[in-house]
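Each chain is listed here by its residues.
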Protein chains: 2
Amino acid sequence: MSKVIIDDVAARAGVSIKTVSRVMNNEPNVSERTRDRVLSAARELNYRPSLSARGLAGSRSYLIGLLYDNPSPAYLAEVQAGLLEACEASHYSLALHPCHHEDPGMPAAVSAALAQARLDGLIITPPVCNVPALMAAVEERGVPYAVISDEAGPSGIAVTIDESAAMRDLTEHVIGLGHTRIGFIAGHPDHKGAARRRDGFETAMKAHGLAIDPAMVVQGYFDFESGRHGARDLLSRTNPPSAIIAANDDMAAGALQVAHDKGLHIPTDLVIVGFDDSPLSRQVWPPLTTVRQPVADMAREAAARVIARLTGAAEPDNPANLAFPHELRLRQSSLGDT
Amino acid sequence: MSKVIIDDVAARAGVSIKTVSRVMNNEPNVSERTRDRVLSAARELNYRPSLSARGLAGSRSYLIGLLYDNPSPAYLAEVQAGLLEACEASHYSLALHPCHHEDPGMPAAVSAALAQARLDGLIITPPVCNVPALMAAVEERGVPYAVISDEAGPSGIAVTIDESAAMRDLTEHVIGLGHTRIGFIAGHPDHKGAARRRDGFETAMKAHGLAIDPAMVVQGYFDFESGRHGARDLLSRTNPPSAIIAANDDMAAGALQVAHDKGLHIPTDLVIVGFDDSPLSRQVWPPLTTVRQPVADMAREAAARVIARLTGAAEPDNPANLAFPHELRLRQSSLGDT
DNA sequence: GTGAAAGCGCTAACAA
DNA sequence: TTGTTAGCGCTTTCAC
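Just so you know, these numbers come straight off a predicted model, no measurement behind them.

What counts as what
Residues numbered from 1 in each chain as written. Chains lettered and ligands numbered in written order. Predicted model: local features only at pLDDT ≥ 70, side-chain atom pairs only at ≥ 80, totals over all residues. Heavy atoms only, no water. Contact = heavy atoms within 4.5 Å. Buried area = accessible area lost by both parts, 1.4 Å probe. Salt bridge = Lys/Arg side-chain N within 4 Å of Asp/Glu carboxyl O. Helix = DSSP H or I, 4+ residues; strand = E, 2+ residues; numbered from the N terminus. Nonpolar A, V, L, I, M, F, W, Y, C, P; charged D, E, K, R; others polar. Near = heavy atom within 4 Å. Polar contact = N/O pair within 3.5 Å; in protein donor to acceptor, adjacent residues only side chain to side chain. Axes fitted to C-alpha atoms, helices over the stretch in contact; angles between N-to-C directions. Parallel < 35°, antiparallel > 145°, perpendicular 65-115°, else oblique. Left-handed = near helix turned anticlockwise from the far one by under 90°. Patch = residues over 30% accessible without salt bridge, like charges linked within 9 Å, V, L, I, M, F, W, Y side chains within 5 Å. Areas by Shrake-Rupley, 256 points an atom, 1.4 Å probe, with all protein chains shown as cover. Pairing = 2+ DSSP bridges. Least-squares fit on C-alpha atoms with pLDDT ≥ 70 in both. Expected span 1.5 Å × (residues − 1). Buried < 20%, exposed > 50% of the residue type's maximum accessible area, 1.4 Å probe, protein only. Arc of directions from axis to C-beta.

Undergrad: Mind showing me how you'd approach the interface of chain A and chain B here?
TA: Many structure descriptions define interface size as the accessible area lost when the parts assemble. Each partner contributes residues to the interface: chain A has 43 residues there, and chain B has 42 residues. Summed over both partners, the interface of chain A with chain B buries about 3700 Å², with 58% contributed by carbon and sulfur atoms. When the buried area of chain A at its contact with chain B is split by residue, Q116(A), Q283(A) and W285(A) rank highest and sum to 18% of it. Joining chain A to chain B, the criterion identifies zero salt bridges. For the side of chain A that touches chain B, the secondary structure elements donating two or more residues are α4 (51-58), α5 (73-89), β2 (93-98), α6 (106-117), α11 (249-261) and α12 (279-283) of chain A. Sort the elements by how many residues they give to the side of chain A that touches chain B and α5(A) lands first, with seven residues. A breakdown of the residues in the side of chain A that touches chain B according to their chemical character gives 25 nonpolar, 12 polar and six charged.

Shown next, in the form of structure tokens:
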């Protein structure tokens, strides 16, 4: 049951192994009748082509690599789920490649790993896709790839939401509640997305005639602890903010904890909002107003596009830069119990 | 740089390809001098054996599969991190295999996938490893495997903490705070670990002469929402508990949210504790008292053991059942600001 | 201790 | 539309 090979299928279907190969790879020039015969033979024998043999002969590995650097578990899980859906649909497998984006040797190491594992395609998440040396190495290797970000190299696919617009919407929600002194905890400086979000914040503020007080903007790193630090800084100012916008949910949760420790009531004493619609945003108290981005959908599309290039499928008409919609999620951290 | 093959290394080292193969696989019967020559040639050429070719010729895939069913992202990320460490150390790769543990066709599908991908080894997490039909299929295939659980089949490796003892410790902490009416939100009925935790709770209660009121035990499913439901049930009793123990942190966080909504002050009005030391337990307010289990260490060890079997390395002396230590993490949800 | 030969199961290039 | 012949890069015999 375990050792069914292409010859077995060929014998049972009464054709040559090459024909079986054609059918298994959806190649043209096979009559419908033959194709059906082969397919049923394969099904009856429970035949699955050996990945190793395919890889060796065809110099394709049927592996898509996921390159990431210590993202939040929730983000990682969602990305993986989306990628796996697309991979499974096309009989590709997913290979994980954690790395450290600040390591100067990383691009070379990734390049070597690409060569060894013969990865057919690559999906790259922030902040790794914001490392120029890495992107250059990937481009040079000529591997089809996608980034979950708004900017890919010349040959790459970019899948993203409009982070600036999303943060603008979120900021306008807060402004609409009547706040004028709004604190901002920025995201990791190595993430381009963090800069986009900050842009969105500043754009919305300016659009509403609100000055951006440098004392109201603090540096964060997308992690919970930096959210705590940022909130402590903001709230210790002589003229503290009445609302805090964090560039992601983890930091917003950190800010929330600090606020609770200080005995502040959310949202009456202080409004706090996040970004990402992570599970955490729903699990803290009160639940956080945030922005949802369809990470799993984006990841699925990224993998599907890469696989389409691999299989030579007709490129969809849409541009290589795919923008997904975002959505405001209004919750009690800004609205109260209304 | 990309197309270095074994012949190149052999030529440079002045030996046959078989000798290179011997060196690359740490086989015996190679003189020190030859070994060194081959190794430096390989290093200079930046040679990496092709996984496909290795797999085809040796009928090994150098792939370890991870079989899981919708665990919490934090758990999944930690397991993956541990596995990847062990895999990278031995030049194995990790293949992800999400599945649905209640799907009756799942064991057969997994078996087929095992055959296709020629996975060399398998790591199985709860609750998948608690599905008898699956475990039977895996045993039948004869693939080396490990479960992150306390019970493996005859040929398997089990890596776990003593969940019963851990929950006993946690319960005793709560009892030690003076509570006698303690609510319990049980874990998913398909998880053996959930039953172990419940045992631990009951053992501790009995040991301290406390009756287990059936009205104080509610069914949960390890997810946030079931924690909310459970807490609502418990707190709506005519004689509600003064402390709630949840079988994991996600459910404890749900209970916490319900308590906040009811205006209860934690821990003075109600003590809430969880289990797992997930990031969430630190990110809610107040932070949750919980039990830490070294998931990444356990996963690393599981993979290392499986790989050791694969490479025929001497089996460590320790038994196949490996128990890791757990640790109580006392935080404000039971202690207050002391 | 080392090497030559023979595949592993597939796909690529060419024939038929 | 289908089949034949060579490999892909490595490991496995089995020889020396």
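And the narrative resumes.
Undergrad: Help me understand the protein's contact with DNA strand D in this model?
TA: Around DNA strand D, the structure places 25 residues, and the nearest of them are T34(A), I6(B), K18(B), S21(B) and Y47(B). For DNA strand D, the fraction of protein-proximal atoms (within 4 Å) that sit in sugar or phosphate groups is 60%. Between T34(A) and DNA strand D, the recorded distance is 2.5 Å, taken from a side-chain N or O atom to a phosphate oxygen. Residue R54(B) places a side-chain N or O atom 3.2 Å away from a phosphate oxygen belonging to DNA strand D. For the surface near DNA strand D, the secondary-structure elements that each account for two or more residues are α2 (17-24) and α4 of chain A together with α2 (17-24) and α4 (51-58) of chain B.

Undergrad: Help me understand the packing of α5(A) against helix α13 (residues 295-310) of chain A in this model?
TA: Each packed pair of helices is defined by two parameters, the angle between the axes and the distance between the axes. All names here are of chain A. For the pair α5 and α13, the least separation of the axes is 7 Å and the interaxial angle reads 40°. The orientation of α5 relative to α13 falls into the category oblique. In this structure, α5 crosses over α13, and the sense of that crossing is right-handed. Of the residues in α13, those touching α5 at Y75, E78, V79, G82, L83, E85, A86 and C87 are V295, A296, A299, R300, A303, A304 and I307. Considered class by class, the residues forming the contact of α5 with α13 number 11 nonpolar, one polar and three charged.

Undergrad: I keep staring at a nonpolar patch on the surface and nothing clicks. Help me out?
TA: Among the surface-exposed residues, L177(A), L328(A), L330(A) and L335(A) lie close enough to one another that they form a single nonpolar patch of about 290 Å² accessible area. Structurally, L335(A) can be placed in helix α14 (residues 332-335).

Undergrad: Teacher, can you tell me more about the pairing of β2(A) here?
TA: As a general feature of sheets, a regular strand has side chains that alternate between the two faces. The pairing of strand β1 (residues 63-68) of chain A with β2(A) spans six bridges and is classified as parallel. Within β2(A), the position partnered with G65(A) by the bridge is A95(A).

Undergrad: I keep staring at the sheet that holds strand β8 (residues 243-246) of chain A and nothing clicks. Help me out?
TA: Hydrogen bonds between backbone atoms are what pair the strands of a sheet, whose relative direction is either parallel or antiparallel. All names here are of chain A. Strands sit in the order β7-β6-β8-β9 across an open sheet of four strands; the sheet is parallel. Only two strands of the sheet have a single neighbouring strand rather than two, namely β7 (217-218) and β9 (271-273). Note that strand β6 (residues 182-185) and β8 share four bridges and pair parallel. Paired with G183 across the bridge in β8 is I244. Set on the sheet, helix α8 (residues 163-176) makes contact with β6, β8 and β9; between it and β8 the angle comes to about 170°. Packing of α11 onto the sheet brings it into contact with β6, β8 and β9, and relative to β9 it is tilted by some 155°.

Undergrad: Help me out: how do you make sense of the relation of the copies chain A and chain B in this one?
TA: Between the two chain copies there is a screw-like relation: a rotation about an axis and a shift along it. When chain A is fitted to chain B, the best match, at an RMSD of 0.2 Å, comes from turning it 180° and sliding it 0.0 Å along the axis. The transformation just described matches what one would write down for a two-fold rotation axis. In terms of C-alpha distance to the rotation axis, chain A has S52(A) as its closest residue, with the C-alpha 2.0 Å off the axis. A share of 95% of interface residues in chain A that are also interface residues in chain B marks the association as one of identical surfaces.

Undergrad: Is there a simple way to explain the sheet that holds strand β6 (residues 182-185) of chain B in this structure?
TA: Residue and element names in this part refer to chain B. Spatially, four strands are ordered β7-β6-β8-β9 in an open sheet, and the strand pairing comes out parallel. Across the chains shown, the open sheet's two edge strands, defined by having one partner strand only, are β7 (217-218) and β9 (271-273). Packing against the sheet, helix α8 (residues 163-176) makes contact with β6, β8 (243-246) and β9, and its axis sits at approximately 170° to β8.

Undergrad: What am I meant to see in the protein's contact with DNA strand C here?
TA: In the neighbourhood of DNA strand C, 25 residues make up the surrounding shell, with I6(A), Y47(A), T19(B), R22(B) and T34(B) lying closest. In DNA strand C, the atoms that sit within 4 Å of the protein are 62% sugar and phosphate, with bases accounting for the remainder. Separating a phosphate oxygen of DNA strand C from a backbone N or O atom of I6(A) is a distance of 2.5 Å. In the model, a base oxygen of DNA strand C is placed 3.5 Å from a nitrogen or oxygen of the L56(B) main chain. If you list the elements that add at least two residues to the surface near DNA strand C, you get α2 and α4 of chain A together with α2 and α4 of chain B. Top contributing element to the surface near DNA strand C by residue count: α4(A), with four residues. Here the residues of the surface near DNA strand C sort into 11 nonpolar, nine polar and five charged.

Undergrad: What's the story with helix α9 (residues 192-207) of chain B in this structure? I'm lost.
TA: Given 3.6 residues per turn, any residue in an α-helix points the same way as the ones three and four places further on. Residues and elements named next belong to chain B. The terminal C-alpha atoms of α9 lie 23 Å apart, and with 16 residues this matches the ideal 22 Å at 1.5 Å per residue to within 8%. Within α9 the residues assigned to the buried category are G193, A194, R197, G200, F201, A204 and M205. Around the axis of α9, the buried residues are gathered within 130° of arc, so they sit on the same side. Facing away from the buried side of α9 by more than 90 degrees, the exposed set consists of K206 and A207. Of the surrounding secondary structure, the elements contacted by the buried residues of α9 are α8, β6, β7 and β8. A positive backbone phi angle near 70° is found at G209, which sits one or two residues after α9.

Undergrad: Explain the environment of P98(A) to me, please; I cannot follow it from the model alone.
TA: Take P98(A): it is sitting in strand β2. Taking the C-alpha atoms as reference points, P98(A) and M251(A), 153 residues apart in sequence, are found 23 Å from one another. For P98(A), the residues in contact, after removing those within four places along its chain, are Y68(A), L84(B) and E88(B).

Undergrad: How should helix α1 (residues 6-13) of chain A be read in this particular structure?
TA: Residue and element names in this part refer to chain A. Considered for burial, the residues of α1 that qualify are V9, A10 and A13. The buried residues of α1 occupy one face: seen down the axis, they fall within an arc of 100°. Looking at the residues trailing α1, positive phi occurs at G14, about 70°.

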